[in-house]
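# Chains, contacts and geometry: an overview
Take a look at the letters that make up each chain.
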Amino acid sequence: MTVNLEVAEGVGTIRLDRPPMNALDIATQDRLRELAEEVTGRDDVRAVVIWGGEKVFAAGADIKEMRDMDHAGMVARSRALQDSFTAVARIPKPVVAAVTGYALGGGCELALCADYRIAGENAKLGQPEILLGLIPGAGGTQRLARLIGPSRAKDLIFTGRQVKADEALTLGLVDRVVPAEEVYEQAHAWAARLARGPAIALRAAKETVDAGLETDLETGLAVERSWFAGLFATEDREIGMRSFVEEGPGKAKFR
């Protein structure tokens, strides 16, 4: 398999495994969608790490495969391409991207689907599609602009330039930079901490933030209000509030 799933401590690691550069060919894209749907439905997976291994996250699409596709072929394929990445973005659980080495093109777009990005000091990110006479096609024009703002996103997309980890941190493209050998360990620790949290409240928080970014403030507040009230029907809310009153903050043990 070009993508594998391992589960430990409530954390599912979706591992890209297509040496040497984890090029995202059609089979890999489809496998990503399958595993995203699997972790969405598994109760034993409460948080997710997306990882490409110690050397590279993903260097982009399989250009040799794409070169042989004509307009009609890409019209038929482009929706499936986006759907694969959207399935990752819509995992209703905390998702962290552990980025080492190159995260370019589709690799960068995959990292954008995560809620949080931890990058190694050796990481290089970018959207170089313009250098091929193309634009990002797996969500990059939309998710990148929403994350770092339209002018910064246009600079990266227009020029196709790669940014090192320190600049990516300054841009807001990644959230933390650590030594390359610590990337997966820290990403797993981030996910494991949240895996011990209140699953329904975390899902509510993620869906509310994401939904609010796609709509106006009034509608976003209505979504928040609905989820906030709904959580009062959950066992996690009872456990959290009882623990707060009896033991103080931050000591609740959710089921």
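Up top is the structure these notes are about.
Heads up: these notes are all about the structure in this document. What you see is a predicted model; the values in this text were computed from it and never measured.

### A word on the packing of helix α5 (residues 140-148) against helix α6 (residues 150-159)
Running from N to C, α5 and α6 point in directions that differ by 135°, and their axes come no closer than 7 Å. In terms of orientation, α5 and α6 fall into the oblique class. The handedness of the crossing between α5 and α6 is right-handed. Contact residues: Gly-140, Thr-141, Leu-144, Ala-145 and Ile-148 in α5; Pro-150, Arg-152, Ala-153, Leu-156 and Ile-157 in α6. Looking at the contact of α5 with α6 residue by residue, the classes come out as 7 nonpolar, 2 polar and 1 charged.

### Brief notes about the sheet that holds strand β7 (residues 124-126)
The strand order across the open sheet built from 3 strands is β5-β7-β8, with neighbouring strands paired in mixed fashion. Pairing within the sheet leaves two strands with one partner each, and these edge strands are β5 (102-104) and β8 (162-164). Each strand axis lies, on average, 20° off the axis of its neighbour in the sheet, ignoring direction. Of the pairings in the sheet, the one linking β7 to β8 comprises 3 bridges and is antiparallel in character. Residue pairing across strands places Lys-124 opposite Lys-164, the latter belonging to β8.

### Section: the layout of surface pockets
There is about 270 Å³ of room inside the second largest pocket. In terms of lining residues, the second largest pocket is bounded by 13 residues, among which Asp-43, Val-45, Lys-93, Ala-199 and Arg-203 are the most central. Sorting the residues of the lining of the second largest pocket by element identifies α1 (26-41) and α9 (199-213) as the ones contributing at least two each. Here the element with the most residues in the lining of the second largest pocket is α9; it accounts for 4 residues. Here the residues of the lining of the second largest pocket sort into 6 nonpolar, 2 polar and 5 charged.

### Here we look at the pairing of strand β3 (residues 47-51)
Of all the 5 residues making up β3, 5 are buried; the element is thus mostly covered by neighbouring parts of the structure. The alternating pattern of β3 places Ala-47, Val-49 and Trp-51 on one face and Val-48 and Ile-50 on the opposite face, and all of these are buried. Pairing of strand β2 (residues 11-16) with β3, which is carried by 5 bridges, proceeds in the parallel orientation. Among the inter-strand pairings, Val-11 is bridged to a residue of β3, identified as Ala-47. Of the pairings in the sheet, the one linking β3 to strand β4 (residues 95-99) comprises 4 bridges and is parallel in character. Looking at the pairing, Val-49 lines up with Val-96 of β4.

### Overview of the sheet that holds β4
Spatially, β1-β2-β3-β4-β6-β9 is the arrangement adopted by the 6 strands of the open sheet, whose pairing is mixed. The open sheet terminates on both sides in strands that have one partner only, identified here as β1 (3-8) and β9 (176-178). Averaged over all pairs of adjacent strands, the angle between strand axes in this sheet comes to 20°, irrespective of strand direction. Summarising the sheet, β4 and strand β6 (residues 116-120) pair through 4 bridges and their orientation is parallel. Along β6, the bridge assignment pairs Val-96 with Tyr-116. Its contacts with the sheet put α1 on β1, β2 and β3, and the angle it makes with β1 is roughly 25°.

### A closer look at the side chain of Ser-243
Along the chain, Ser-243 turns up in helix α11 (residues 235-247). Among residues more than four places away in sequence, those in contact with Ser-243 are Gly-248, Lys-251 and Ala-252.

### Re the pattern of salt bridges
Summed over all chains, the structure comprises 14 salt bridges. Here Glu-214 and Arg-146 are joined by a salt bridge, their closest N and O atoms 3.4 Å apart. Of the two residues, Glu-214 sits in the loop between α9 and α10 (217-230) while Arg-146 sits in helix α5, which places them 68 residues apart along the sequence. Here Glu-167 ties to Arg-161 by a salt bridge, and the two come within 2.7 Å at their closest N and O atoms. Relative accessible area serves as the criterion here: at 30%, Glu-167 is assigned to the partly exposed category.

### Regarding α9
Along an α-helix, residues three or four positions apart point the same way, because every turn accommodates 3.6 residues. Taking 1.5 Å per residue as the helical rise, α9 with its 15 residues ought to reach 21 Å, and the 22 Å between its terminal C-alpha atoms agrees with that figure. Taken together, the buried positions of α9 are Ala-204, Lys-206 and Thr-208. If you follow the buried residues of α9, they end up packed against α3 (71-89), β4 and α10.

Reading the values: rules and limits
- Residues numbered from 1 in each chain as written.
- Predicted model: local features only at pLDDT ≥ 70, side-chain atom pairs only at ≥ 80, totals over all residues.
- Heavy atoms only, no water.
- Axes fitted to C-alpha atoms, helices over the stretch in contact; angles between N-to-C directions.
- Helix = DSSP H or I, 4+ residues; strand = E, 2+ residues; numbered from the N terminus.
- Parallel < 35°, antiparallel > 145°, perpendicular 65-115°, else oblique.
- Left-handed = near helix turned anticlockwise from the far one by under 90°.
- Contact = heavy atoms within 4.5 Å.
- Nonpolar A, V, L, I, M, F, W, Y, C, P; charged D, E, K, R; others polar.
- Pairing = 2+ DSSP bridges.
- 1 Å grid on protein atoms, 1.4 Å probe; cavity = no way out; pocket = protein on both sides within 12 Å on 5 of 7 lines; lining within 4 Å.
- Points joined across faces, edges and corners; volume = space filled by probe spheres on them.
- Buried < 20%, exposed > 50% of the residue type's maximum accessible area, 1.4 Å probe, protein only.
- Salt bridge = Lys/Arg side-chain N within 4 Å of Asp/Glu carboxyl O.
- Expected span 1.5 Å × (residues − 1).

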